[in-house]
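Remarks on the overall topology
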Amino acid sequence: MRGQGHAPRPSPFDLPVGSILVMADTQQVDTKAGWAERWAEYRLTRMAGRIDAFSKAHGGAEAQVAYLGERGARIVLVGEDGAWGDLVARSPEAARKAVEKSGITVHDDFDGEFAAKVETGPYEWSRMAGIQVGGPSNT
């Protein structure tokens, strides 16, 4: 005998013969299952957070979702102070869900009273006119 404590001790549990094989036959959870859904939810939450941040920075906001074709959809945001910005979502459905999740008003069209809330400055006018009136070029 080599010393104390080196002798095999009986197990406190009575394991049935072949129990290790039974444990090996258990089903494993696929960690990749639902990955696409979780990623889509993450993008949706992130975009809603950006909309919320814009809304808080500008005293509230309203939105309009415009279809861009295969590229997705554009969310145009107009703040209560007249500032505006936009975001691009991968699909019109994702854009609508993000706007709904942020809790702001969504308009069907960008016209009338909604469009009148946008305040543009010299920078926007020079960019819209481009090189015709001496604004920055698009190239």
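Quick summary incoming for the structure in this document. (Residues numbered from 1 in each chain as written. Predicted model: local features only at pLDDT ≥ 70, side-chain atom pairs only at ≥ 80, totals over all residues. Heavy atoms only, no water.)

This brings us to the side chain of S102. Mapped onto the secondary structure, S102 falls in helix α3 (residues 92-102). Judged by relative accessible area, which is 13%, S102 ranks as buried. In terms of polar contacts, S102 uses its side chain to reach the backbone carbonyl oxygen of V99, at 2.7 Å. Those residues in contact with S102 that lie beyond four places of it in its chain are A48, I51 and D52. (Helix = DSSP H or I, 4+ residues; strand = E, 2+ residues; numbered from the N terminus. Buried < 20%, exposed > 50% of the residue type's maximum accessible area, 1.4 Å probe, protein only. Polar contact = N/O pair within 3.5 Å; in protein donor to acceptor, adjacent residues only side chain to side chain. Contact = heavy atoms within 4.5 Å.)

Compared with the 33 Å implied by 1.5 Å per residue over 23 residues, the 33 Å span of helix α2 (residues 35-57) between its first and last C-alpha is a close match. If you check which residues of α2 are buried, you get L44, M47, A48, I51, F54 and S55. Elements that come into contact with the buried residues of α2 comprise β1 (61-67), β2 (73-79), β3 (84-89) and α3. (Expected span 1.5 Å × (residues − 1).)

Let us now look at the packing of aromatic side chains. Taken as a whole and judged by the stated rule, the model has three aromatic pairs. With a centroid separation of 5.2 Å and an interplanar angle of 25°, the aromatic rings of W39 and Y42 are classed as stacked. With a gap of three residues between them, W39 and Y42 both fall in helix α2, about one helical turn apart. On the accessibility criterion, Y42 (46% relative accessible area) is partly exposed. Both rings, one in F110 and one in F114, keep their centres 5.1 Å apart while their planes meet at 75°; by these two values the pair is edge-to-face. (Phe/Tyr/Trp six-rings, centres within 6.5 Å; stacked < 30°, edge-to-face > 60°.)

This part is about the pairing of β1. Of all the seven residues making up β1, five are buried; the element is thus mostly covered by neighbouring parts of the structure. Relative to β2, β1 runs antiparallel, the two being bridged by seven bridges. Among the inter-strand pairings, A63 is bridged to a residue of β2, identified as L77. Of the pairings in the sheet, the one linking β1 to strand β4 (residues 105-107) comprises three bridges and is parallel in character. Counted as the bridge partner of A63 is V106 from β4. (Pairing = 2+ DSSP bridges.)

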